[in-house]
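# A look at the structure
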Amino acid sequence: MRSALLLVAVLAGVAGCNSSAPYPNDSPIVGARVSANPNPRGSEAFCRQYARQTAGNSYENRIDRSEDGFGIRALTRQQALDQGEAAYRRCRAGRTG
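Quick look at the structure, then. Along each chain, numbering runs from 1 in the same order as the chain's sequence is written. Totals for whole chains, interfaces and linings use all residues, but because this is a predicted model, local features are given only for residues with pLDDT of at least 70 and pairs of side-chain atoms are given and counted only at 80 or more. Side-chain measures were taken over the full set of non-hydrogen atoms in the model, leaving aside hydrogen atoms and water.

Bringing the overall build of the chain into the picture now. Along the chain, the regular secondary structure elements total 3 helices and 0 strands. Taken from the N to the C terminus, the helices and strands of the chain come in the order α-α-α. Burial statistics for the chain: of 97 residues in total, 24% are counted as buried. Any two residues whose heavy atoms approach within 4.5 Å are treated as being in contact. Of the contacts formed within the chain by residues at least 6 apart in sequence, a portion of 51% connects residues at least 24 apart. Only carbon and sulfur atoms are counted for the fraction: they give 56% of the accessible area of the chain, which is about 6,600 Å². Numbered from the N terminus, helices here are DSSP runs of H or I no shorter than four residues, and strands are runs of E no shorter than two. The buried label goes to any residue with under 20% of its type's maximum accessible area, the exposed label to any with over 50%, and the partly exposed label to all in between, with areas taken from a 1.4 Å probe on protein chains only. Accessible surface area values rest on a Shrake-Rupley calculation with a 1.4 Å probe, where residue burial reflects the displayed protein chains alone.

Written out as C-alpha cells, the structure is:
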C-alpha cells in the first residue's frame, strides 16, 4: 500500500512538471509561467514565451511583497519587462543558450 501511494505521489509530481503553471503569487507579467516553454524552439511563439518567462523570473527575483510599496513594484515591473524585451531580441537572433 505504501509503495502504491509513493508511486501516485511521484506520478502526480511529474504531471505537475509538464503542466503550464502560472507564478504562484499572481505575477504582473501576463502570461509568465514557471513551467517549460511548450513552443517550438526558435519560433515567434517560443521567443515571446521566453521573453515573458525571463521578465517573470526577473520580477520574482527582485520583488519583496512584504516590504515593497506600489512605486517600487511598478519600477521593478518595468525593469523586468525591459529585460523580457532584451530576451526576446536575443531569442530572435538565435542566442537563447
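Where helix H2 (residues 44–62) contacts helix H3 (residues 70–92), the axes come no closer than 7 Å and their chain directions differ by 145 degrees. Crossing hand, H2 versus H3: right-handed. Along the lines of polarity and charge, the residues of the contact of H2 with H3 split into 11 nonpolar, 6 polar and 8 charged. Angles run from 0 to 180 degrees between N-to-C directions of axes, and those axes are lines fitted to C-alpha atoms, restricted for helices to the stretch in contact. By the definition used in this description, the sense in which the near helix is turned from the far one sets the handedness, with an anticlockwise turn below a right angle giving left-handed and a clockwise turn giving right-handed. Gly falls in the polar group here, along with every residue not listed as nonpolar (Ala, Val, Leu, Ile, Met, Phe, Trp, Tyr, Cys, Pro) or charged (Asp, Glu, Lys, Arg).

Any two cysteine sulfur atoms within 2.5 Å of one another count as a disulfide. As enumerated under the stated definition, the model contains 1 disulfide in all. The disulfide bridge from cysteine 47 ends at cysteine 91, spanning 2.1 Å between sulfur atoms. In this structure the cystine formed by cysteine 47 and cysteine 91 twists about its S-S bond by roughly -75 degrees; its chirality is therefore left-handed. Of this pair, cysteine 47 sits in helix H2 while cysteine 91 is found in helix H3, placing the two residues 44 residues apart along the sequence. The exposure class of cysteine 91 is buried, given its relative accessible area of 4%.

This next bit is on the packing of aromatic side chains. Ring pairs are drawn from Phe, Tyr and Trp, using the six-membered ring of Trp, whenever the two centres fall within 6.5 Å, and their geometry is named by plane angle: stacked under 30 degrees, edge-to-face over 60, tilted for the rest. For the structure shown, the criterion picks out 1 aromatic pair. Consider the ring centre and the ring normal. A charge sits over the ring if Lys NZ or Arg CZ is within 6 Å of that centre and within 35 degrees of that normal. The aromatic ring of tyrosine 88 is capped on one face by arginine 48, whose charged end is 3.7 Å from the ring centroid.

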